[in-house]
Amino acid sequence: TLIGMLVTLMGTFNSQLALNSNQLMSLLIFHLCGFSCICLIIMFVQKKPTKRKIPFYLYTGGMVGVLVVYLNNLCFIKLGVSVTLSMIIMGQSIGSLLIDYTGFLNMQKYHFRKQKLIGFCLMMMGILVLVEQWHLDYILIFLALLTGMLVLLSIILTSQLGLRVGVFKATQIN
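Residues numbered from 1 in each chain as written. Predicted model: local features only at pLDDT ≥ 70, side-chain atom pairs only at ≥ 80, totals over all residues. Heavy atoms only, no water.

Asker: An account of helix H2 (residues 23-44) is requested, with residue identities and associated values reported.
Answerer: In this model H2 runs 33 Å from its N-terminal to its C-terminal C-alpha over 22 residues, within 8% of the 32 Å that 1.5 Å per residue would give. Turning to H2, its buried residues are Gln23, Ser26, Leu27, Ile38 and Ile42. For H2, the angular spread of the buried residues around the axis is 130 degrees, confining them to a single face. Exposed positions of H2 whose direction lies more than 90 degrees from the buried face are Met43 and Phe44. For H2, the elements touching its buried residues are helix H1 (2-20), helix H3 (61-79) and helix H7 (167-173). (Helix = DSSP H or I, 4+ residues; strand = E, 2+ residues; numbered from the N terminus. Expected span 1.5 Å × (residues − 1). Buried < 20%, exposed > 50% of the residue type's maximum accessible area, 1.4 Å probe, protein only. Arc of directions from axis to C-beta. Contact = heavy atoms within 4.5 Å.)

Structure follows, in structure tokens:
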């Protein structure tokens, strides 16, 4: 729950920064702050560099993360916090289900259980209750859903890289 609260605050602050400056400046400030923090952490907790060959795609988690922050800003501003976060969580849930079923990027496979559909239906009913304005932009709702899936992709790419170079170094890279 702490992570959820921090993500909500992060998205709210970042979207306000985007409103008061612009999207690109907001992205730059957000990522420079994160990069500075992880560099300070690495100065105190450094691991030896690895010599193994690492697939290029594992280095793309940061690029996906930039897209996530951009889409978060856009959706938070246009849809509001509750609808955006609800769609992001739904996107993460759908993405998690697909990853569990397929074993995407060497993740462990888990079988699909029909009972999970009940949970998805309940989540969707909750989201429909949140969406008071039926004239919302459906493209933005889809982008918020996609953002949830992209968050998951960024986490998986960074964690897979972390298995090879260490968590802090992977965070710094991505």
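Picking up where we left off.
Asker: Quick one: what's the story with the packing of H2 against H3, residue by residue and with numbers?
Answerer: Between H2 and H3, the shortest axis-to-axis distance is 10 Å and the interhelical angle comes to 130 degrees. When the axis of H2 is compared with that of H3, the two are oblique. Crossing of H2 against H3: the hand is right-handed. Where H2 abuts H3, its residues Gln23, Ser26, Leu27, Phe30 and His31 lie against Gly65, Val66, Val69, Tyr70, Asn73 and Leu74. Partitioning the contact of H2 with H3 into residue classes produces 6 nonpolar, 5 polar and no charged. (Axes fitted to C-alpha atoms, helices over the stretch in contact; angles between N-to-C directions. Parallel < 35°, antiparallel > 145°, perpendicular 65-115°, else oblique. Left-handed = near helix turned anticlockwise from the far one by under 90°. Nonpolar A, V, L, I, M, F, W, Y, C, P; charged D, E, K, R; others polar.)

So far we have only geometry, and geometry alone does not tell us how the molecule works.
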